[in-house]
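Descriptive structure summary
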Amino acid sequence: MTLRLYNTLTGQLDALEPADGKALRMYACGPTVYDYGHIGNFRTFLEVDVLRRFLRLSGMVVRHVKNITDVDDKIIRNAAVAGVPIGEYTRQYVDAFFEDLESLRVERPETIARATEHIPQMVGLIEKLAAAGAAYKAEDGSWYFRLAAFPEYGKLSKKDLSGMEDGARVDVDEYEKDSARDFALWKAPKPGETSWETVIGSGRPGWHIECSAMAMEYLGETFDLHCGGEDLMFPHHENEIAQSETATHKPFARHWMHVRFLLVDGRKMSKSEGNFYTPRDLLLKGFKASAIRLALISVPYRHPLNFTFDSLTDASKAIDRLRTFRVRLAAGVFAAGEHPAMQEAAAKARQEYLEALANDLNTADAMAPVFELVRAANTAIDRGQFFAGDREAILPVLADFDAVFDVLEDRDAEPTRRAIEWAKATGRVSEVAPELLAAQSLSDEAIEALVAERTAAKKARNFARADAIRNELAEMGVILEDSRDGVRWKRK
RNA sequence: GGCGCGGUACCCAAGUGGUAAGGGAGAGGUCUGCAAAACCUUUAUGCGCCGGUUCGAUCCCGGCCCGCGCCUCCA
């Protein structure tokens, strides 16, 4: 099914297809690793994950490049304060980033490109711009892009900068620019700063140049899709377009996708507002990784997402409903045959699910038919009108759902365990929810033993003892469900 | 000031020019030793407010109110 995706460049829904008819080449702006990623960052990465997963579910081959900005002013400053080389400083955050992506089950792109490993490509691009007269070197050795060289500047963000007077907002640090809006391609080092010796001089790359250089390195001068958070639209992406298209005289990305911001309690998340959360913070509070994932992707990417703790609780319960249903299907014993109505319901749900996603990745709309199918199937099972063939019709629908949403399999213990380990290692144990520590201390074997004891007590009609065990487990965050096929338990 | 977005039930949140998906929560019921899970019933004559277009508007147009984002580093 062809995805119709909003294209910032054209302002409309455009079909997203590989220009070469083979593989969809996409570039997504990744993190600047000067600190732990927060849920706002991860919303963007998760939405891009939804995109690539849907494309793959549709049978498309995807070549996805994600960059890691491992050199910039903040990194240099923070590393200097810590008294370590920038590579050492960023390593902890790069590692943490990948760990968080794994916790949130974000698929790994085909290529991860680190800025510090592509300095020659960036220098090459700057030389090319210089040769074309679009880049110039300032007295201190910094290089700037001459905005006047690219008349189409502003076409992505629809900004008309013609009225902007030169010098109206001159940054005092950048007095050497020819024009106030010219942006840095290469920054000359201040004393003691990390720098590279290159043919264009000593220094470090400006931010925008890395994405142009790396995207072209792996995807070619023109590629299919460029993604990022809405804040990157201007000036970052606009600058990428300017420098890339000036250098190649070819369109840079054909399609641009921008993920809207996540808000917390209706406000932009920021450290100073005190509403700033990382996935780790939430795991330590006792929220499951799968709930974080679902909460962050269940609102379509083009709408602002208002994050609240309630949204996590809601997501967690929704996941429980789906997981419980799947276990019921898997564990149930059904007679051979099938029910026409159920078969039809499954086919309809799958169709509606795929159509919703194909319509600009409307995840909220996509979930509805899946839940409707769950209810229909539960009802049929309750009434004994559900057959083995119906299960076979429904399981693929759940599989398609999970190919994108990826929350049905319970893999929540590991991210939580990792977060607790991290908290212990970094002196944050006080931030760990007490019930989480209690639950962690209870092994699966210990739970099984208590469940067995309770079952025995029930058989002896010693309900007081049975209930006592159930309550004890409940306090440790373990929920029991009696069923005809035996007792099921799960961690809350 | 410029650009843009949103205001749908108790909460979250889709959606369509023809009469409001889904999730969570609440209430009542079925089932159960009791629970849990599941199911059934129930919860917006209403989609910020006021006009207009239309046979008909939550959805189109205009005005207004409220909230938010970007325009500077930022996912």
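Since this is a predicted model, take the numbers as computed values, not measurements.

**Digging into the pairing of strand 12 (residues 253-259)**
- With respect to burial, strand 12 is a largely interior element, six of its seven residues being buried.
- Here strand 11 (residues 223-229) pairs with strand 12 via six bridges, running parallel. Looking at the pairing, G229 lines up with V259 of strand 12.
- The parallel pair strand 11 and strand 12 is bridged by helix 6 (residues 233-248), and the resulting crossover is right-handed.

**Here we look at the sheet that holds strand 10 (residues 201-205)**
- As summarised here, the arrangement of the five strands in space is 6-7-8-10-9, forming an open sheet in which the pairing is antiparallel. The open sheet has two edge strands with one neighbour each: strand 6 (135-137) and strand 9 (196-198). With direction set aside, neighbouring strand axes in the sheet form an average angle of 40°.
- Relative to strand 10, strand 9 is paired through three bridges, and the arrangement is antiparallel. Within the sheet, the bridge partner assigned to W196 lies in strand 10 and is G203.
- Along the sheet, helix 4 (residues 119-131) contacts strand 6, strand 7 (143-145), strand 8 (183-187), strand 9 and strand 10; its crossing angle with strand 8, the most-contacted strand, is approximately 125°.

**Topic: the pairing of strand 10**
- Here strand 10 lies mainly inside the structure; four of its five residues are buried.
- The sheet contact formed by strand 8 and strand 10 spans two bridges and is antiparallel. In the sheet register, W186 faces strand 10, and the bridge partner there is P205.
- Counting the residues in the hairpin turn of strand 9 and strand 10 gives two residues.

**Here's the deal with the packing of helix 10 (residues 340-358) against helix 11 (residues 363-382)**
- The interhelical angle for the contact between helix 10 and helix 11, taken along N-to-C directions, is 170°, at an axis separation of 7 Å. In terms of axis orientation, helix 10 runs roughly antiparallel to helix 11. Helix 11 is crossed by helix 10, and the crossing has left-handed handedness. Contacts from M342, A345, A346, A349, E352, Y353, A356 and L357 of helix 10 reach helix 11 at T363, D365, A366, P369, V370, E372, L373, A376, A377 and A380.
- In terms of residue class, the contact of helix 10 with helix 11 is made up of 14 nonpolar, one polar and three charged.

**Here's the deal with unusual backbone geometry**
- Following F234, the chain continues to P235 via a peptide bond in cis, the omega torsion being 5°.
- Relative to the helices and strands, P235 is located in helix 6.
- Although it is not a glycine, D360 sits at a positive phi angle of roughly 60°.
- Structurally, D360 is set in the loop between helix 10 and helix 11.
- The phi dihedral of D406 is positive, around 55°, even though this residue is not glycine.
- Relative to the elements of secondary structure, D406 occurs in the loop between helix 12 (388-404) and helix 13 (413-425).
- Taking the relative accessible area as the measure of exposure, D406 reaches 9% and is therefore buried.

**Notes on the protein's contact with RNA strand B**
- In the vicinity of RNA strand B, 51 residues are found, and the nearest of them are W207, G229, R267, K268 and R470.
- Per the 4 Å cut-off to the protein, sugar and phosphate atoms form 69% of the nearby atoms of RNA strand B.
- N41 places a polar side-chain atom, nitrogen or oxygen, 3.1 Å from a sugar or linking oxygen of RNA strand B.
- Take K317: an N or O atom from its side chain is 3.3 Å from a phosphate oxygen of RNA strand B.
- No other element matches helix 11, which puts nine residues into the surface near RNA strand B.
- Here the residues of the surface near RNA strand B sort into 15 nonpolar, 13 polar and 23 charged.

**Points about the nonpolar core**
- Counting 136 residues, the largest nonpolar core has L51 and I394 as its most contacted members.
- Setting aside chain neighbours within four positions, we find L51 in contact with L3, L5, L16, M26, L225, C227, M257 and L361.
- In this structure, L442, I447, V451 and L480 belong to the second largest nonpolar core, which totals eight residues.

**Regarding the confidence of the model for chain A**
- Looking at chain A, the pLDDT average stands at 92 and 97% of residues meet or exceed 70.
- Overall, residues 163-174 carries pLDDT values under 50, and its contacts beyond four positions in sequence, including any with other chains, amount to seven contacts.

Here is what the cut-offs are and how they apply
- Residues numbered from 1 in each chain as written.
- Chains lettered and ligands numbered in written order.
- Predicted model: local features only at pLDDT ≥ 70, side-chain atom pairs only at ≥ 80, totals over all residues.
- Heavy atoms only, no water.
- Buried < 20%, exposed > 50% of the residue type's maximum accessible area, 1.4 Å probe, protein only.
- Helix = DSSP H or I, 4+ residues; strand = E, 2+ residues; numbered from the N terminus.
- Pairing = 2+ DSSP bridges.
- Right-handed = clockwise from strand over helix to strand, strands pointing away.
- Axes fitted to C-alpha atoms, helices over the stretch in contact; angles between N-to-C directions.
- Contact = heavy atoms within 4.5 Å.
- Parallel < 35°, antiparallel > 145°, perpendicular 65-115°, else oblique.
- Left-handed = near helix turned anticlockwise from the far one by under 90°.
- Nonpolar A, V, L, I, M, F, W, Y, C, P; charged D, E, K, R; others polar.
- Near = heavy atom within 4 Å.
- Polar contact = N/O pair within 3.5 Å; in protein donor to acceptor, adjacent residues only side chain to side chain.
- Core = buried A, V, L, I, M, F, W, Y, C linked by side-chain atoms within 4.5 Å.
- pLDDT = per-residue confidence, 0-100.

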